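Fold and geometry: a report
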Amino acid sequence: MRHSDRVLALLAGGLLLLAASGLDAGLRRQAAVAELRQQRATVQALELTDLCLFTEARYTRHLSQADLHTPFQDHPLAFDHFPSGSLVSPPLRRE
Amino acid sequence: MQHYLARQRYLIDYTVASLLRHRSKNLGLLLVYTLVVFMLASVMLFTHSLRQEAEQLLSAAPEIVLQRLLAGRQELVPASYLEQMGRIRGVSERHGRLWGYYYDPVVRANYTVLVPRDRPLAADEIVVGAGLARSRGLGHGDFLSLRASDGRPVAFRVADTLAADSELISADLILMAEASFRDLFAIPAGYYTDLALSVRNPREVRTVAEKLTLALPDTRPILRSEILRTYATLFSWRQGIVLVLLAGALLAFVIFAWDKASGLSAEERREIGILKAVGWETADVIGMKFWEGALISLGAFLLGYLLAYLHVFYLDAGLFEPVLKGWAVLYPSFHPVPFIDGLQVATLFFFTVFPYTVATIIPIWRAATTDPDAVMR
């Protein structure tokens, strides 16, 4: 078998898998519709405002409800000392 | 056309043979390149999926949350504010919300304690999130003792646990009755954590918020659109660790490109000289090098992207867990839903495949246009 045939077959296989990943994503999204609807109903019923991504600090647990200065509450020049503070930006509010 | 394709196949044959001659160097290059793409694609897929999920879920959040501020800090809101705000046109419903945090010294975790409005619970009953149940080993009928604000232990019976597939929103929740909540945290009757308002017409939300700030100057309204915007910028490329990753990947690419563009080795020059001496044209040499760059970068892109897809959507982005977890004890176990942005994938493809291929061709073009005799000497 020629080198070119082998390499082109590998690339074609890779491209096929890329297309398959798109198809897989579509199918998984469809399968998750009911679950997302259920979670949305929980958000509505419990009046939740935030995702439970970072539970270590108040201002990252309820990111949208926090004050801008909360990470620096200890004293005006204090650094934000929770690791998740480096992953998220402060809440966006109207001017 | 047939002739052109046959020619390209011969060029690929030669290129692959040439790559195999320096097997370890090129495999190392492919591995590092794949790792860079894998890292970038994993961050891209994970953050996009999370942002989309946040948008879908939090579009059911309260339209307006009204907080009271006292000396710059959030304070309890008196129930009288519900009357004081007056009759605002467009507001279809208004009520107080009761929620807060509880630090559990046993597992050193923070819980979110909440009073549900539509789920009647007995005074000694609680409903817990699946993450909390897992970390404390709680099941239906078990007891959880919480310390009240006056130091007295209060035992609650777990009446139910929230669905495990909703951990992304409820992993750390404890739901309890209003009376128990007020007793636990010593919150007097007639006070709430904040107020939630529903507005009939979504276009009136801003006007309602302005009227609220005028009627109750010590309050701060938080609109649903602001919550959604906060999560839409979650892990945006301009901030924190994502920027660090991006800068690292960019630097790696610059080093790749610099290494390629800064010149060819004497061996490569000799090879080009021999090829030209045996009759190869400049276009053939450039074509051969184009295939070299394209095969490596395309291979790295495909491998890196597919591995990232598996990592994020089949292994639940396990490599990111320590980063996201930080110092938290409670971490939701969730399965990202594969929302994929085609434009993002195309951008990743362009920025990973194109610069490397171009950086491979340019120095070759300079060497290939010179006289073979001069190159070999």
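Here the structure is a predicted model, which means the values were calculated and not measured.

Regarding the overall build of chain A
In terms of helices and strands, chain A carries three helices and zero strands. Its C-alpha radius of gyration of 23 Å places chain A more than 25% over the 12 Å reference for a compact globule of 95 residues. Structurally, chain A occupies a C-alpha span of about 70 × 40 × 30 Å along its principal axes. Scored against the burial criterion, the 95 residues of chain A give a buried share of 45%. Taking the intrachain contacts of chain A between residues at least 6 apart in sequence as the baseline, contacts between residues at least 24 apart amount to 37%. Approximately 5,100 Å² of chain A is accessible, and the part contributed by carbon and sulfur atoms is 65%. When the 10 positive and 10 negative side-chain charges of chain A are each reduced to one mean point, those points stand 10 Å apart.

So, the interface of chain A and chain B
Taken together, the contact pairs 57 residues of chain A with 86 residues of chain B. Counting each side, the surface lost to burial between chain A and chain B is near 6,600 Å², with a carbon and sulfur contribution of 61%. Counting across the chain A and chain B interface gives three salt bridges. Close ionic contact of arginine 2 of chain A with aspartate 13 of chain B constitutes a salt bridge, the shortest N to O distance being 2.6 Å. Linking chain A to chain B there are 27 residue pairs in polar contact (both at pLDDT 80 or more). The element that contributes the greatest number of residues to the side of chain A that touches chain B is helix α1 (residues 3-31) of chain A, accounting for 15 residues. Its residues assigned to classes, the side of chain A that touches chain B shows 25 nonpolar, 17 polar and 15 charged.

Overview of unusual backbone geometry
Although it is not a glycine, aspartate 316 of chain B adopts a positive phi angle of roughly 50 degrees. Turning to its location among the elements, aspartate 316 of chain B is positioned in the loop between α11 (282-313) and α12 (321-325).

What about the domain arrangement of chain B?
Residues and elements named next belong to chain B. One can read the domain layout of chain B as domain 1 (2-58 + 234-376) and domain 2 (64-223). If you look at the interface, domain 1 gives nine residues, while domain 2 gives 15 residues. Taking both partners together, domain 1 and domain 2 bury about 800 Å²; carbon and sulfur atoms supply 77% of that area. The tally of links between domain 1 and domain 2 comes to zero salt bridges. Taken together, the links from domain 1 to domain 2 amount to two residue pairs in polar contact (both at pLDDT 80 or more). Taken together, the residues of the side of domain 1 that touches domain 2 sort by class into seven nonpolar, one polar and one charged.

Details of the side chain of glutamate 167 of chain B
With respect to the secondary-structure elements, glutamate 167 of chain B resides in helix α5 (residues 167-170). The contact partners of glutamate 167 of chain B, leaving out residues within four places of it in the chain, are Cys52 of chain A together with Ala130, Gly131, Arg134, Tyr331, Pro332 and Ser333 of chain B.

Observations concerning the sheet that holds strand β7 (residues 125-128) of chain B
Residue and element names in this part refer to chain B. Here six strands make up an open sheet; going across it, the order is β5-β6-β10-β7-β9-β8 and the pairing mixed. Every interior strand has two partners, whereas the edge strands, β5 (99-104) and β8 (143-147), have only one. Across this sheet, the average inter-strand angle for adjacent strands is 40 degrees, counted without regard to direction.

A word on the packing of aromatic side chains
Counted under the stated rule, the structure contains 17 aromatic pairs over all chains. Measuring from centroid to centroid gives 5.8 Å for phenylalanine 82 of chain A and tryptophan 327 of chain B, while their planes differ by 65 degrees, and the two rings are edge-to-face. Of this pair, phenylalanine 82 of chain A sits in the segment after α3 (58-61) while tryptophan 327 of chain B sits in the loop between α12 and α13 (342-368), placing the two residues on different chains. Given a relative accessible area of 22%, phenylalanine 82 of chain A falls into the partly exposed group. Owing to a relative accessible area of 55%, tryptophan 327 of chain B belongs among the exposed residues under this scheme. Each ring, one from phenylalanine 350 of chain B and one from phenylalanine 351 of chain B, has its centre 5.5 Å from the other, and the planes form 90 degrees; the classification is edge-to-face. Residue phenylalanine 350 of chain B is classed as partly exposed on the basis of its relative accessible area, which comes to 43%. Overall, phenylalanine 351 of chain B belongs to the exposed group, its relative accessible area being 51%. One aromatic cluster is present, formed by Phe46, Phe320, Tyr331 and Phe334 of chain B through successive ring pairs. Just above the ring of tyrosine 314 of chain B sits the side chain of arginine 28 of chain A; from NZ or CZ to the centre is 4.3 Å. The side chain of arginine 182 of chain B reaches across the aromatic face of tyrosine 192 of chain B, ending 5.4 Å from its centre.

Focus: the pattern of salt bridges
Should the charged atoms of two oppositely charged side chains come close, the side chains can pair. All names here are of chain B. Using the criterion set out here, one finds 17 salt bridges over all chains in the structure. In this structure, glutamate 271 engages arginine 21 in a salt bridge whose closest nitrogen and oxygen atoms are separated by 3.7 Å. One end of the pair, glutamate 271, is in helix α10 (residues 266-277); the other, arginine 21, is in helix α1 (residues 2-21), with 250 residues separating them in the sequence. In this structure, glutamate 93 and arginine 117 form a salt bridge, with 3.3 Å as the shortest nitrogen-oxygen distance.

Description of empty space enclosed by the protein
The tally for this structure, following the rule as stated, stands at one cavity of 30 Å³ or more. Reported here for the largest cavity is a volume of approximately 60 Å³. Along the walls of the largest cavity sit Glu47, Leu48, Thr49, Asp50, Arg61 and His62 of chain A together with Arg97, Trp99 and Leu114 of chain B, which together make up its complete lining. Each residue belonging to the lining of the largest cavity can be placed in one class, and the counts come to three nonpolar, two polar and four charged.

Basis of the calculations
Residues numbered from 1 in each chain as written. Chains lettered and ligands numbered in written order. Predicted model: local features only at pLDDT ≥ 70, side-chain atom pairs only at ≥ 80, totals over all residues. Heavy atoms only, no water. Helix = DSSP H or I, 4+ residues; strand = E, 2+ residues; numbered from the N terminus. Rg over C-alpha atoms; globule rule 2.2 N^0.38 Å. Buried < 20%, exposed > 50% of the residue type's maximum accessible area, 1.4 Å probe, protein only. Contact = heavy atoms within 4.5 Å. Areas by Shrake-Rupley, 256 points an atom, 1.4 Å probe, with all protein chains shown as cover. Lys, Arg positive; Asp, Glu negative; His and termini not counted. Charge placed at Lys NZ, Arg CZ, Asp CG, Glu CD. Buried area = accessible area lost by both parts, 1.4 Å probe. Salt bridge = Lys/Arg side-chain N within 4 Å of Asp/Glu carboxyl O. Polar contact = N/O pair within 3.5 Å; in protein donor to acceptor, adjacent residues only side chain to side chain. Nonpolar A, V, L, I, M, F, W, Y, C, P; charged D, E, K, R; others polar. Domains from an automatic or database assignment. Pairing = 2+ DSSP bridges. Axes fitted to C-alpha atoms, helices over the stretch in contact; angles between N-to-C directions. Phe/Tyr/Trp six-rings, centres within 6.5 Å; stacked < 30°, edge-to-face > 60°. Lys NZ or Arg CZ within 6 Å of the ring centre and 35° of its normal. 1 Å grid on protein atoms, 1.4 Å probe; cavity = no way out; pocket = protein on both sides within 12 Å on 5 of 7 lines; lining within 4 Å. Points joined across faces, edges and corners; volume = space filled by probe spheres on them.

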